[in-house]
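# A structural walkthrough
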Amino acid sequence: MKDKYYLGVDIGSISTKGVIIDEEDNIIASDYLWTEGNPIGAVQKLINSLYEQVKDKDINVVCVGTTGSARYLIGKILDAGVVKNEITAHAIGTMNKVPDVRTIIEIGGQDSKIILIDKNVVVDYNMNTICAAGTGAFLSSQAKRLGVNIEDFGSIALTSKNSPKLSARCSVFAESDLVHKLQMGYKKEDVIRGLCDAIVSNYLNNVAKGKKLYSPIVFQGGVSKNIGVKKAFEEQLETEVTVINDGHLMGALGIAILAKKSKIEKPFSFQIKDIKFKTIGSECNGCSNNCEIVNVYREDKIIDRYGNKCDNGLKV
Ligand code: SF4
């Protein structure tokens, strides 16, 4: 009998992540790519990439788990056995790497979140999806403005000896503050360091507001690769902050582990990468709300429909 494997897919508005794990939770294949407004296309690319990594091994994926903002749509496409929110998935994935983790700080491309854990259970969390000033997209736009490669941002920040206090309460205000500080004669590295500090104070004053952050603290999401922001967290929290290598894959790992633990078995075929899926918009005319409906087709057969605001809407 072939060994069993599990596929976890974490699909957000910015990025799509996937892992295949074995029975011991070892990641045997993984990838990370941009969603680019096309979650179905991104997942098919992801499955293709994972397939290329394992095709010589002839593995048997027995259950798929999906998480992230498009988890229901992709769950339907992949016929997932388990569909769960990203808070649970991230917590499970991170606890697999750092078993005693108490605080997960995550700053991604367009959102940020905090997850607090006690005795392996999520006890509190908060998400910020509104304020752009404390996210990776904000840092990237400021790097571009300063003519600096975003990959070098953190190491440049660490060379600063005299960083100014910048406001990152709001992205518009932060941008004008940044220009003002440059005009005052601060060097580029000082302003970059100031930005890293401002991202952290924005996070602690908004996302983590009123919460006690216990150690061990794990920092993940795209911005965790920025050593300037990591250092700023350590200074402001006065404690060590851990960045794990596969931090960007924790949601996908967590949902793969949940798929394994569910004991649900649903056959999965990598051929899904070659099947034609499409979404077509329509309107429900059941009442004057005229809800916008998204219809999902596999080849030419409808497999899902969402957007109904009541139970009297269009059915599959
Ligand atoms: S889904 Fe329900 S609320 Fe929306 S238009 Fe149809 S009947 Fe009205």
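Residues numbered from 1 in each chain as written. Predicted model: local features only at pLDDT ≥ 70, side-chain atom pairs only at ≥ 80, totals over all residues. Heavy atoms only, no water.

According to the stated counting rule, one finds 16 salt bridges in the structure shown. With a closest N to O distance of 3.9 Å, Asp118 and Lys119 form a salt bridge. For Asp118, a relative accessible area of 28% gives the class partly exposed. Accessibility expressed as a relative area gives 71% for Lys119, which makes it exposed. (Salt bridge = Lys/Arg side-chain N within 4 Å of Asp/Glu carboxyl O. Buried < 20%, exposed > 50% of the residue type's maximum accessible area, 1.4 Å probe, protein only.)

Every residue near the ligand is listed here: Cys284, Gly286, Cys287, Asn289, Asn290, Cys291, Asn308, Lys309, Cys310 and Gly313. A breakdown of the residues in the shell around the ligand according to their chemical character gives 4 nonpolar, 5 polar and 1 charged. (Near = heavy atom within 4 Å. Nonpolar A, V, L, I, M, F, W, Y, C, P; charged D, E, K, R; others polar.)

Next up on the list: the domain arrangement of the protein chain. Structurally, the protein chain comprises domain 1 (4–93 + 251–275), domain 2 (99–243) and domain 3 (276–316). On a C-alpha basis, the centroid separation for the pair domain 1 and domain 2 is 29 Å. Counting residues at the interface gives 6 residues for domain 1 and 10 residues for domain 2. Summing both sides of the interface, domain 1 and domain 2 together bury roughly 680 Å²; the carbon and sulfur share of this comes to 76%. (Domains from an automatic or database assignment. Contact = heavy atoms within 4.5 Å. Buried area = accessible area lost by both parts, 1.4 Å probe.)

With that settled, the discussion passes to the packing of helix H3 (residues 86–97) against helix H9 (residues 250–262). Between two packed helices, both the angle of their axes relative to each other and the distance between the axes serve to describe the pair. Contact geometry for H3 and H9: axes closest at 6 Å, N-to-C directions at 90°. The pairing of H3 with H9 is recorded here as roughly perpendicular in orientation. Residues Thr88, Ala89, His90, Ile92, Gly93, Thr94, Asn96 and Lys97 of H3 form the contact with H9, whose participating residues are Met250, Gly251, Leu253, Gly254, Ile255, Ile257 and Leu258. For the contact of H3 with H9, a count of residues per class yields 7 nonpolar, 7 polar and 1 charged. (Axes fitted to C-alpha atoms, helices over the stretch in contact; angles between N-to-C directions. Helix = DSSP H or I, 4+ residues; strand = E, 2+ residues; numbered from the N terminus. Parallel < 35°, antiparallel > 145°, perpendicular 65-115°, else oblique.)

Looking now at the sheet that holds strand E7 (residues 112–118). Spatial strand order, E8-E7-E6-E9-E10: 5 strands in an open sheet with mixed pairing. This sheet does not close on itself; its edge strands, each paired only once, are strand E8 (121–128) and strand E10 (241–242). Pairing of strand E6 (residues 103–107) with E7, which is carried by 5 bridges, proceeds in the antiparallel orientation. When the bridges of E7 are listed, Ile104 appears paired with Ile115. Relative to the sheet, H3 contacts E6, E7, E8 and strand E9 (217–220), its axis offset from that of E7 by approximately 60°. (Pairing = 2+ DSSP bridges.)

On to the pairing of strand E2 (residues 15–21), then. The element E2 is largely enclosed, with a buried count of 7 among its 7 residues. Two strands pair when backbone bridges link them, and strand E1 (residues 4–11) and E2 are joined in this way by 6 bridges, in the antiparallel orientation. Looking at the pairing, Asp10 lines up with Lys17 of E2. Relative to strand E3 (residues 27–34), E2 is paired through 7 bridges, and the arrangement is antiparallel.

Position of Ser49 among the secondary structure elements: in helix H1 (residues 39–54). Classification of Ser49 as buried rests on a relative accessible area of 18%. There is a polar contact of 2.8 Å between the side chain of Ser49 and the side chain of Asp31. (Polar contact = N/O pair within 3.5 Å; in protein donor to acceptor, adjacent residues only side chain to side chain.)

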